[in-house]
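In case you want the letters, here they are:
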Amino acid sequence: RSTKKKLDGRYILKPFNNESSTTIGYCKKETRWILFKNVNNNNGCSAYENKNQVVAYSSRTTSFDIRSTFGETWFNFGGTPLLNIQFLEKDGDGWTAEECDQTLGDGICNVELNKQEYSFDNGDCCGATCKGVECGLGSIDEAFGVGNVTGDGFPDCKNPS
């Protein structure tokens with residue numbers, strides 16, 4: 001969840017809230033997209049050479065568009081495949097800090113992700129599709145028009161048809 005800036009014809013993605021934390025950039029030399037700690041305005045290639053700055057990197061690709069790697073394997077700095085990495089885009093002002101803590105398919109219904117483009121939070125918002133121990137817990141805060149009520153359920157379940 002980031003802002004975009006073009007460099008060398010490709011987008012460099014920087015976090016919306018902290019320019020000094022992490023950045024995603026393409027390294028032509030390694031033919032990989034690199035998610036790295038932004039130290040002294042480094043780039044993907046210099047971060048890749050200094051492995052302790054790398055958070056993750058993509059499989060090899062010559063694709064101009066990072067979105068082509070979203071379905072491919074990404075690796076941590078030690079070379080271990082990352083099994084649950086998510087890339088989410090949002091138009092407009094980007095993501096708020098609260099929204100950045102949301103995860104698809106974690107058993108918690110996130111209203112912002114309960115849209116078709118996010119597969120309805122990977123099913124988290126409906127009893128029939130939610131998987132996990134957190135499903136529906138504490139999600140009801142009103143019953144019969146009365147507030148300050150707590151309960152379990154799926155008030156944000158949407159029929160995708």
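It should be noted that the structure appears before, not after, this text.
Residues numbered from 1 in each chain as written. Predicted model: local features only at pLDDT ≥ 70, side-chain atom pairs only at ≥ 80, totals over all residues. Heavy atoms only, no water.

Participant: How would you summarise the state of the cysteines if you had to cite specific residues and measurements?
Facilitator: Counted by the stated rule, this structure contains four disulfides. Between the sulfur atoms of Cys 27 and its disulfide mate Cys 45 the distance is 2.1 Å. Between Cys 27 and Cys 45, the disulfide has an S-S torsion of 110° and is therefore right-handed. Of this pair, Cys 27 sits in strand E3 (residues 22-27) while Cys 45 is found in helix H1 (residues 44-49), placing the two residues 18 residues apart along the sequence. Two residues, Cys 130 and Cys 135, share a disulfide whose sulfurs are 2.1 Å apart. A torsion of -90° about the S-S bond marks the disulfide between Cys 130 and Cys 135 as left-handed. In this structure, Cys 130 and Cys 135 share a single accessibility class: buried. (Disulfide = S-S within 2.5 Å. Helix = DSSP H or I, 4+ residues; strand = E, 2+ residues; numbered from the N terminus. Buried < 20%, exposed > 50% of the residue type's maximum accessible area, 1.4 Å probe, protein only.)

Participant: If you had to explain the side chain of Asn 110 to someone new, which residues and values would you point to?
Facilitator: Structurally, Asn 110 is set in the loop between helix H2 (97-100) and helix H3 (119-122). Excluding anything up to four places from it in sequence, Asn 110 contacts Gln 102, Thr 103, Asp 121 and Cys 125. (Contact = heavy atoms within 4.5 Å.)

Participant: Quick rundown of the packing of aromatic side chains? Include the residues and the values.
Facilitator: In this structure the tally under the stated criterion is three aromatic pairs. Their ring planes at 85° and their centres at 5.4 Å tell us that Tyr 48 and Tyr 57 sit as a pair that is edge-to-face. An identical accessibility class is assigned to Tyr 48 and Tyr 57; each is buried. In textbook terms, an aromatic cluster arises when at least three aromatic residues are bridged by ring pairs, as seen for Tyr 48, Tyr 57 and Phe 75. (Phe/Tyr/Trp six-rings, centres within 6.5 Å; stacked < 30°, edge-to-face > 60°.)

Participant: Could you give me a rundown of the pattern of salt bridges, with the residues and numbers involved?
Facilitator: Here the structure, examined in full by the defined rule, presents three salt bridges. One salt bridge connects Glu 30 with Arg 60, and the closest N-O pair in it is separated by 3.8 Å. Of this pair, Glu 30 sits in the loop between E3 and strand E4 (32-37) while Arg 60 sits in the loop between strand E5 (54-58) and strand E6 (74-76), and the two are 30 residues apart along the sequence. When its relative accessible area of 16% is taken as the criterion, Glu 30 is described as buried. Taking the shortest distance from any N to any O, the salt bridge between Glu 112 and Lys 115 comes out at 2.9 Å. (Salt bridge = Lys/Arg side-chain N within 4 Å of Asp/Glu carboxyl O.)

Participant: Describe the pairing of E5, naming the residues involved and giving the relevant values.
Facilitator: Consecutive side chains of a regular strand alternate in pointing toward one face of the sheet and then the other. Burial analysis of E5 places four of its five residues in the buried class, which makes it a mostly covered element. Bridge analysis of E4 against E5 gives three bridges, and the strand direction is antiparallel. Among the inter-strand pairings, Leu 35 is bridged to a residue of E5, identified as Ala 56. Bridge count between E5 and E6: three bridges; the pairing is antiparallel. Residue pairing for E6: Tyr 57 is matched across the bridge by Phe 75. (Pairing = 2+ DSSP bridges.)

Keep in mind these numbers describe shape, not what the thing actually does.
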